[in-house]
Amino acid sequence: MRAKTNRTLILCLLIAAGAAGFFLRRWQLSTAFDETGLVLSGSPSIWILSVFALVVTVLAAVAAARLDKRSAYTDCFSSGAPEMAVTVLSAALVLAGCVLAMANGQRTALVTVLGVAAALAMGAVGLLRRRGVVPVAAIHLIPCAYLIVTLIVDFRRWSVDPTVLDYCFDLFAAIGTVCATVNLMGFCFDKGRRRETVFWCLAGCFFAMVSLGDMGVVRWLTTGGLALWLGVNGWQLLED
């Protein structure tokens, strides 16, 4: 019972930290830039959110480091209906976001196809876990490919933006999501790294919630779906 309470506490703290980060990001966007879009270096919102994000990241690392090592897929992931439902919901949100992004001209056909395939793979993971079946590593490889390609495409766009504050939280969220999803593949071979994966799930989920402060329907769907994906995987890995 104590372990379950701790897991619930970590989830509640993560949600609270993500919500706080979201509102701090909204405050930052409204106060940290001048009328030309340049950063006002003296704005307190920059330092407050930066320190807050650092504290949350350190706490995520501490929480992950306190876990016992565990590497087998069946020892780490649940067949529960709630976990399956959240996983499928995360996939549905990513799917909707990818389709809407292409319809709005925000993504190429290649990225959209990869995104749709990734969403279907994520949903399949949830359904297979529900049946007690260990997914093959290739299923996790599909979301990895989508996330890596998306990160490359986005980074090419970010690299010409001199204002790092415009995209830094998107970048942190993307890195966390990629690293968490790559680490999930290791469990398919019973060589998972529980501590590292939990850290990336928690940190990635937090930064994804912060980046939602930039608003936009596509962002809410895609990034929100990925935040749920990280959250539900982290939730299962935290169980003792």
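Residues numbered from 1 in each chain as written. Predicted model: local features only at pLDDT ≥ 70, side-chain atom pairs only at ≥ 80, totals over all residues. Heavy atoms only, no water.

K.L.:
Can you help me understand the environment of Cys168 in this one?
P.N.:
Along the chain, Cys168 falls in helix α7 (residues 168-188). Taking relative accessible area as the criterion, Cys168 reaches 10% and is therefore assigned buried. Remark: the alpha-carbon pair of Cys168 and Val134, spanning 34 residues in sequence, is separated by 35 Å. (Helix = DSSP H or I, 4+ residues; strand = E, 2+ residues; numbered from the N terminus. Buried < 20%, exposed > 50% of the residue type's maximum accessible area, 1.4 Å probe, protein only.)

K.L.:
Help me understand the nonpolar core in this model?
P.N.:
A general trend in soluble globular proteins is that nonpolar side chains are found buried together. Phe77, Val94, Tyr146, Leu165, Phe169, Val198 and Phe206 are the most contacted members of the largest nonpolar core, which has 61 residues in total. Element by element, the count of residues in this core is highest for helix α8 (residues 194-211), at 11 residues. Those residues in contact with Phe77, other than ones at most four positions away along the chain, are Arg129, Leu184, Phe187, Asn233, Gln236 and Leu237. (Core = buried A, V, L, I, M, F, W, Y, C linked by side-chain atoms within 4.5 Å. Contact = heavy atoms within 4.5 Å.)

K.L.:
I tried to follow the packing of aromatic side chains on my own but got confused; where do I start?
P.N.:
Where two aromatic rings form a pair, the distance of their centres and the angle of their planes describe that pair. For the structure shown, the criterion picks out 11 aromatic pairs. Taking the centre distance of 5.5 Å and the plane angle of 90 degrees together, the rings of Phe77 and Phe187 count as edge-to-face. One end of the pair, Phe77, is in the loop between α3 (73-76) and α4 (81-103); the other, Phe187, is in helix α7, and 110 residues separate them in sequence. Like Phe187, Phe77 is buried. An aromatic cluster is present here, built from Phe52, Phe169, Phe172, Phe206 and Phe207 joined pairwise through their rings. Directly above the ring of Trp235 sits Arg7, whose terminal nitrogen or CZ lies 3.6 Å from the centroid. (Phe/Tyr/Trp six-rings, centres within 6.5 Å; stacked < 30°, edge-to-face > 60°. Lys NZ or Arg CZ within 6 Å of the ring centre and 35° of its normal.)

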